[in-house]
Amino acid sequence: MTSDTGRTETTGIQITKSSDNQITMNQLITLGEFIIDRQAHFPYSTGELSSLLNSIRLAAKVVNHEVNKAGLVDIIGAAENENIQGEQQQKLDVFANKVFIQALINREIVCGIASEEEDSYINVVGKDKGNNNKYIVLMDPLDGSSNIDVNVSVGTIFSIYRRISPVGKPVTEDDFLQPGVNQIAAGYVIYGTSTMLVYTTGHGVNGFTLNPALGVFYLSHPDMFFPDKGKIYSINEGNYRHFPKGIKKYIKYCQEEEGDRPYTSRYIGSLVSDFHRNMIKGGVYLYPNSSRYPNGKLRLLYECNPIAFLAEQAGGKASNGKQRIMELKPEELHQRVPFYVGNKCMVEKIEKYIKKYDRERT
Ligand code: P6P
């Protein structure tokens with residue numbers, strides 16, 4: 001069937017008609033084909049990274065199926081327990097965590113896994129009790145899950161490193177406490193009006209949209225890049241009174257009538273959704289430190305570092321207000337940091353305000 005736009009809904013072949021009625025056929029690329037095609041970027045790759053990304057692709061489809069029908073079955077709502085963050089675990093949180101862990105273990109391609117929903121990291125032992133795999137994965141299996149009950153989009157965030165401890169031995173905490181600059185790949189799945197998988201391996205950012213009828217992700221957003229300027233700021237202004245003075249001053253700057261301002265305030269309360277919109281439309285996401293979260297709320301290892309990798313690959317910037325996020329040396333698995341990510345010029349403006357007003361306080 002060919003719709004008006006010329007895109008066939010079954011084979012993924014896109015047929016477009018030019019003004020002089022020339023027909024051009026562009027084969028829509030599936031995520032699987034793209035991963036194989038880009039494997040060439042890793043000359044020494046044994047295909048393990050491709051297999052790892054494919055296991056994430058599979059898990060994303062399984063979680064998407066549940067997220068999309070959460071309103072119909074008793075999987076919405078809070079699970080009985082809390083995670084290490086002291087946050088009420090939503091049933092879908094627990095489900096998504098299990099699905100991603102199982103998908104990664106089944107493929108026997110990782111040696112370790114860390115998750116927001118797990119108190120400590122998981123040492124993955126292969127069938128032969130050894131484990132010669134070299135990759136570890138850190139993830140937030142379902143970020144923004146408090147939004148599930150109100151049908152607001154949520155996401156999965158993942159970050160991939162090579163282990164630094166000896167192959168064949170159990171993984172160590174140091175394998176997980178690597179700075180973000182060591183990431184091999186990072187990405188997110190956004191379960192929104194459509195489900196997308198967006199990832200980078202250090203060669204740009206590419207977005208794939210799921211065709212739910214076929215269960216296939218197609219390349220829909222090649223080479224994603226921040227617009228030159230951004231006019232959106234995303235922050236929970238309900239915490240205004242707790243913010244550092246520099247952030248209060250930046251918020252007022254965004255609201256002033258001057259030049260291309262006032263900016264637009266957009267805050268979904270789901271990092272993946274706010275970041276995804278800002279990367280496409282231009283904007284900045286802020287989660288400052290505050291009296292409630294003295295070190296910020298977002299977790300360095302499996303929220304800030306992967307999003308920072310994507311942001312930098314898309315021409316943006318990610319900072320804790322003073323330093324590049326990806327150069328921070330992690331101290332512990334669930335470490336929180338202040339987080340500012342988006343258009344480079346917007347993040348740099350925030351850093352200037354923080355520097356100016358921090359100095360005034362001292
Ligand atoms: P607040 C979700 O819990 C999350 O980690 C991010 O996805 C989101 O941006 C932020 O916290 C929302 O936090 O305090 O504004 O509700």
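Because the structure is predicted, anything quoted here is derived from the model rather than measured. (Residues numbered from 1 in each chain as written. Predicted model: local features only at pLDDT ≥ 70, side-chain atom pairs only at ≥ 80, totals over all residues. Heavy atoms only, no water.)

Chemist: Let's hear about the sheet that holds strand 13 (residues 232–234): which residues, and what values?
Modeler: Here five strands make up an open sheet; going across it, the order is 14-13-15-17-16 and the pairing mixed. This sheet does not close on itself; its edge strands, each paired only once, are strand 14 (264–265) and strand 16 (316–319). As paired elements, strand 13 and strand 15 (residues 283–287) share three bridges and run parallel to each other. Across the sheet, residue I232 finds its bridge partner in strand 15, namely G283. Here helix 7 (residues 300–313) sits on the sheet in contact with strand 16 and strand 17 (339–343), set at roughly 20 degrees to strand 17. (Pairing = 2+ DSSP bridges. Helix = DSSP H or I, 4+ residues; strand = E, 2+ residues; numbered from the N terminus. Contact = heavy atoms within 4.5 Å. Axes fitted to C-alpha atoms, helices over the stretch in contact; angles between N-to-C directions.)

Chemist: Can you explain the environment of K229? Please cite residues and give values.
Modeler: One can find K229 in the loop between strand 12 (216–221) and strand 13. When the C-alpha positions of K229 and G282 are compared, they lie 6.0 Å apart, and in sequence the two are 53 residues distant. Ignoring any residue separated from it by four or fewer positions in sequence, one finds K229 in contact with D260, K281, G282 and N343.

Chemist: An account of the site of the ligand is requested, with residue identities and associated values reported.
Modeler: As a matter of local geometry, the ligand sits amid 13 residues, with D143, Y267, L271, Y285 and Y287 nearest to it. Between N236 and the ligand, the recorded distance is 2.9 Å, taken from a side-chain N or O atom to an oxygen atom. One nitrogen or oxygen atom from the main chain of L271 is found 2.7 Å from an oxygen atom belonging to the ligand. Burial of the ligand by the protein chains amounts to 84% of its free accessible area of 400 Å². Taken together, the residues that form the shell around the ligand break down as five nonpolar, four polar and four charged. (Near = heavy atom within 4 Å. Polar contact = N/O pair within 3.5 Å; in protein donor to acceptor, adjacent residues only side chain to side chain. Areas by Shrake-Rupley, 256 points an atom, 1.4 Å probe, with all protein chains shown as cover. Nonpolar A, V, L, I, M, F, W, Y, C, P; charged D, E, K, R; others polar.)

Chemist: Lay out empty space enclosed by the protein in plain terms, naming residues and giving numbers.
Modeler: With the rule as written, the count across this model stands at three cavities of 30 Å³ or more. Taken as a whole, the second largest cavity spans an internal volume of roughly 40 Å³. For the second largest cavity, the full set of lining residues is N239, F243, Y287, P288, S290, R292 and Y293. Residue composition of the lining of the second largest cavity, by class: four nonpolar, two polar and one charged. (1 Å grid on protein atoms, 1.4 Å probe; cavity = no way out; pocket = protein on both sides within 12 Å on 5 of 7 lines; lining within 4 Å. Points joined across faces, edges and corners; volume = space filled by probe spheres on them.)

Chemist: Which residues make up the side chain of N54, and what values go with them?
Modeler: Turning to its location among the elements, N54 is positioned in helix 2 (residues 48–68). With sequence-adjacent residues up to four places away left out, N54 is seen in contact with G32, I35 and R107.

Chemist: I'd love a proper account of the nonpolar core, names of residues and values included.
Modeler: A general tendency of soluble globular proteins is for nonpolar side chains to be buried together. Membership of the largest hydrophobic core comes to 40 residues, with the highest contact counts inside it found for L52, L142, I160, Y191 and Y199. A total of eight residues in this core trace back to one element, the largest contributor, which is helix 2. M196, M279, L310 and M326 belong to the second largest nonpolar core, which has 32 residues in total. (Core = buried A, V, L, I, M, F, W, Y, C linked by side-chain atoms within 4.5 Å. Buried < 20%, exposed > 50% of the residue type's maximum accessible area, 1.4 Å probe, protein only.)

Chemist: Break down helix 3 (residues 91–106) for me, citing the residues and quoting the values.
Modeler: Each α-helix turn comprises 3.6 residues. Residues three or four places apart therefore point the same way. Compared with an ideal rise of 1.5 Å per residue, which puts 16 residues at 22 Å, helix 3 spans 22 Å between its outermost C-alpha atoms and is within 8% of the ideal. Buried within helix 3 are the following residues: L92, D93, A96, N97, V99, F100, I101, A103 and L104. (Expected span 1.5 Å × (residues − 1).)

Chemist: Give a detailed account of the sheet that holds strand 7 (residues 135–143), specifying residues and quantitative values.
Modeler: With mixed pairing, eight strands are arranged side by side in an open sheet as 6-5-7-8-9-10-11-12. The sheet is open, and its two borders are formed by strand 6 (122–123) and strand 12, each paired with just one other strand. Bridging between strand 7 and strand 8 (residues 154–162) involves seven bridges; their strand directions are antiparallel. What sits directly across from D140, in strand 8, is I157. Relative to the sheet, helix 2 contacts strand 5 (110–115), strand 7, strand 8, strand 9 (185–191), strand 10 (195–200), strand 11 (205–211) and strand 12, its axis offset from that of strand 8 by approximately 165 degrees.

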